[in-house]
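Residue strings, one per chain:
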Amino acid sequence: MPAFEYDLFVIGGGSGGVRSGRLAASLGKKVAIAEEFRYGGTCVIRGCVPKKLYVYASQYTEHFEDAAGFGWTVGESRFDWQKLVAAKEQEITRLEGLYQKGLANAGAEILRTRAELVGPNTVRLLDTGKTVTAERIVIAVGGHPTPHDALPGHELCISSNEAFDLAELPKSILIAGGGYIAVEFANIFHGLGVETTLIYRGKEILSRFDQDMRRGLHAAMEEKGIRILCEDIIQSVAVDADGKRVAHTMKHGEIAVDQVMLALGRVPNTKGLGLESAGVKTDERGAIIVDAFSRTSAPGIYALGDVTDRVQLTPVAIHEAMCFIQTEYKNNPVSPDHDLIATAVFSQPEIGTVGLSEEQAGHQFEDLEVYRAEFRPMKATLSGRKEKTIMKLIVNAADRKVLGAHILGHDAGEMAQLLGISLKAGCTKDDFDRTMAVHPTASEELVTMYAPSYRVHKGERVN
Ligand code: NDP
């Protein structure tokens with residue numbers, strides 16, 4: 001009789017959990033995976049996928065307006081929120097099915113229950129109360145939006161979880177936060193016709209991004225009509241007689257809106273998971289502490305994805321899962337590589353970025369060359385839309401290595417993916433210069449910025 005009932009037990013059916021469970025099962029391992037909500041996790045059910053679908057939906061207002069410049073007369077248009085929610089639901093249900101099909105085809109046992117650790121190598125399934133044992137356990141339970149309990153009236157606010165399925169599209173919304181989610185949803189709601197205000201505690205939105213991207217996006221969002229209040233916070237939220245949410249802000253007085261959405265970061269789902277009983281240690285934010293191979297402090301227990309709070313991105317969780325499989329089942333120890341992760345903010349316009357911002361590079365390298373282009377995209381010439389594309393390369397003057405590439409403009413996310421390959425390969429500015437341009441595109445600018453726009457010495461712009 002085997003020592004354990006399973007070779008691998010995975011807790012959490014999101015990106016990291018499903019990938020590790022499916023791959024292990026396809027290698028002939030006896031695998032079970034448990035998910036308490038819906039297979040697909042944050043990304044498929046209430047994150048990346050529905051978000052991108054809503055971004056597409058919200059772009060039609062501008063498409064219809066821009067069409068006139070190209071000779072089109074577009075008839076009266078009307079948006080139906082319930083139709084969008086239903087179409088989104090159909091698509092994520094399809095994807096949820098595909099995730100389960102992949103697991104089933106690989107031979108994994110699919111469980112629809114919450115599972116908690118009860119000791120080393122042991123998990124309890126909450127639907128039946130049954131206890132099972134596994135040689136290895138992967139915890140991939142993700143995270144959730146911080147509820148911001150300290151805010152009086154936080155229970156009157158929504159998070160991105162609820163935003164996707166609101167019974168009605170609000171007429172007005174106040175969104176707190178200046179990160180990915182706040183910025184993306186501000187653009188979505190505005191595009192769908194909602195009067196939108198963003199409130200952010202810092203000087204400029206998107207604190208971890210390059211200054212040019214931050215300022216450029218801020219200006220573009222205000223130009224569209226999104227109100228942005230920086231250096232301010234919501235102090236409390238109440239509800240008035242008409243059911244409106246009334247937010248009391250520190251600097252901008254009372255703001256009455258249909259919905260207040262909090263997008264103040266995400267926290268790991270580690271409460272009540274039985275981590276202590278299995279000897280799994282967490283940090284002060286509740287994230288599971290792991291080593292370079294995703295091993296927790298308890299032998300045989302591993303953690304992947306957002307629950308470890310390393311980098312909260314879907315492809316990172318998937319990559320960590322694949323490294324786990326290589327290390328544990330293919331006798332090929334691979335440690336996840338978290339360097340030079342290309343990423344996109346699906347704002348309107350988008351931001352696509354990889355590598356160091358000018359500010360970060362200025363702290364790490366003595367001399368930089370900065371190549372910067374700001375131009376009106378071709379489509380805007382006929383549409384008449386006031387918008388700017390910004391492209392920026394940060395180059396180490398000493399060895400000409402491109403340290404960072406940043407784009408604000410249409411399809412910046414698509415471009416960031418390809419720039420990610422170039423930077424990962426260690427390309428220099430000379431490699432960019434000898435690359436032939438694709439014409440007419442916006443991205444040709446990336447290979448035709450021959451002279452530096454300015455230089456930076458010890459973090460200071462010098463010319
Ligand atoms: P972020 O960490 O991006 O942003 C959180 C925001 O909340 C920041 O602006 C932060 O301010 C602010 N904030 C935090 N605490 C407080 C507070 N107590 N009072 C006021 N403001 C506060 O988190 P998100 O929730 O936007 O997204 C979570 C993660 O999900 C992201 O980090 C990202 O990795 C991932 N994600 C990725 C997407 C993509 O790839 N396109 C899309 C959506 C999410 P400050 O900057 O000053 O700290």
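Residues numbered from 1 in each chain as written. Predicted model: local features only at pLDDT ≥ 70, side-chain atom pairs only at ≥ 80, totals over all residues. Heavy atoms only, no water.

- Per an unreviewed UniProt entry, the chain is named Glutathione reductase (NADPH), and its organism is Ensifer adhaerens.

Brief notes about the sheet that holds strand β10 (residues 227-230)
Part 1: The sheet built from four strands is open, its strands ordered β10-β9-β8-β14 with parallel pairing. For this open sheet the edge positions go to β10 and β14 (259-262), each flanked by a neighbour on one side alone. For this sheet, the mean angle separating the axes of adjacent strands, direction not counted, is 15°.
Part 2: For strand β8 (residues 172-176) and strand β9 (residues 195-200), the ladder comprises five bridges, and the chain directions are parallel. Of the residues in β9, the one forming a bridge with Ala 176 is Ile 199.
Part 3: Packing of helix α6 (residues 180-191) onto the sheet brings it into contact with β8, β9 and β14, and relative to β8 it is tilted by some 170°. (Pairing = 2+ DSSP bridges. Helix = DSSP H or I, 4+ residues; strand = E, 2+ residues; numbered from the N terminus. Axes fitted to C-alpha atoms, helices over the stretch in contact; angles between N-to-C directions. Contact = heavy atoms within 4.5 Å.)

Describing the packing of helix α3 (residues 48-67) against α6
Part 1: As a packed pair, α3 and α6 sit with axes 7 Å apart at the nearest point and diverge in direction by 40°. On the basis of their axis angle, the class for α3 and α6 is oblique. Read as a crossing pair, α3 and α6 show a hand that is left-handed. Contacts between α3 and α6 pair Lys 51, Tyr 54, Val 55, Ser 58 and Thr 61 from the former with Glu 184, Asn 187, Ile 188 and Gly 191 from the latter.
Part 2: Among the residues making up the contact of α3 with α6, the classes are represented as three nonpolar, four polar and two charged. (Parallel < 35°, antiparallel > 145°, perpendicular 65-115°, else oblique. Left-handed = near helix turned anticlockwise from the far one by under 90°. Nonpolar A, V, L, I, M, F, W, Y, C, P; charged D, E, K, R; others polar.)

Overview of helix α4 (residues 81-106)
Part 1: In this model α4 runs 38 Å from its N-terminal to its C-terminal C-alpha over 26 residues, within 8% of the 38 Å that 1.5 Å per residue would give.
Part 2: Every buried residue of α4 is accounted for by Trp 81, Leu 84, Val 85, Lys 88, Ile 92, Leu 95, Glu 96, Gln 100, Leu 103 and Ala 106.
Part 3: The inward-facing, buried residues of α4 abut α1 (15-26), β2 (31-34), α2 (41-46), α3, β3 (109-111) and α5 (160-163).
Part 4: By the N-cap criterion, in which a side-chain oxygen at the helix start approaches the backbone nitrogen of a residue two or three places on, α4 is capped by Asp 80, the distance to Gln 82 being 3.1 Å.
Part 5: Once α4 ends, the next one or two residues include Gly 107, with phi positive near 100°. (Expected span 1.5 Å × (residues − 1). Buried < 20%, exposed > 50% of the residue type's maximum accessible area, 1.4 Å probe, protein only. Polar contact = N/O pair within 3.5 Å; in protein donor to acceptor, adjacent residues only side chain to side chain.)

Some remarks on the side chain of Gln 348
Part 1: If you trace the backbone, Gln 348 turns up in the loop between β17 (343-345) and β18 (351-355).
Part 2: We classify Gln 348 as buried; its relative accessible area is 8%.
Part 3: Of note is the side chain of Gln 348, whose polar atom sits 2.8 Å from the side chain of Ser 58.
Part 4: In contact with Gln 348, other than residues within four places in its own chain, are Val 55, Ser 58, Gln 59, Asn 187, Ile 188, Leu 217 and Lys 224.

Quick notes on the sheet that holds strand β13 (residues 254-257)
Part 1: One open sheet holds the three strands; their spatial order is β11-β12-β13, and the pairing between them is antiparallel. Only two strands of the sheet have a single neighbouring strand rather than two, namely β11 (234-239) and β13. Adjacent strand axes in the sheet meet at a mean angle of 20° when their direction is disregarded.
Part 2: Sheet topology places β11 next to strand β12 (residues 245-249); five bridges connect them, and they run antiparallel. Paired with Ile 234 across the strands is Thr 249, a residue of β12.

Topic: the site of the ligand
Part 1: Within the structure, the ligand sits among 19 residues, and Ile 181, Tyr 200, Ser 207, Gln 312 and Ala 344 are positioned closest to it.
Part 2: A distance of 2.8 Å is found between an oxygen atom of the ligand and a side-chain nitrogen or oxygen belonging to Tyr 200.
Part 3: Taking 910 Å² as the accessible area of the ligand by itself, protein coverage stands at 77%.
Part 4: At three residues, the largest contribution of residues to the shell around the ligand is made by α6.
Part 5: A class-by-class count of the residues in the shell around the ligand yields eight nonpolar, six polar and five charged. (Near = heavy atom within 4 Å. Areas by Shrake-Rupley, 256 points an atom, 1.4 Å probe, with all protein chains shown as cover.)

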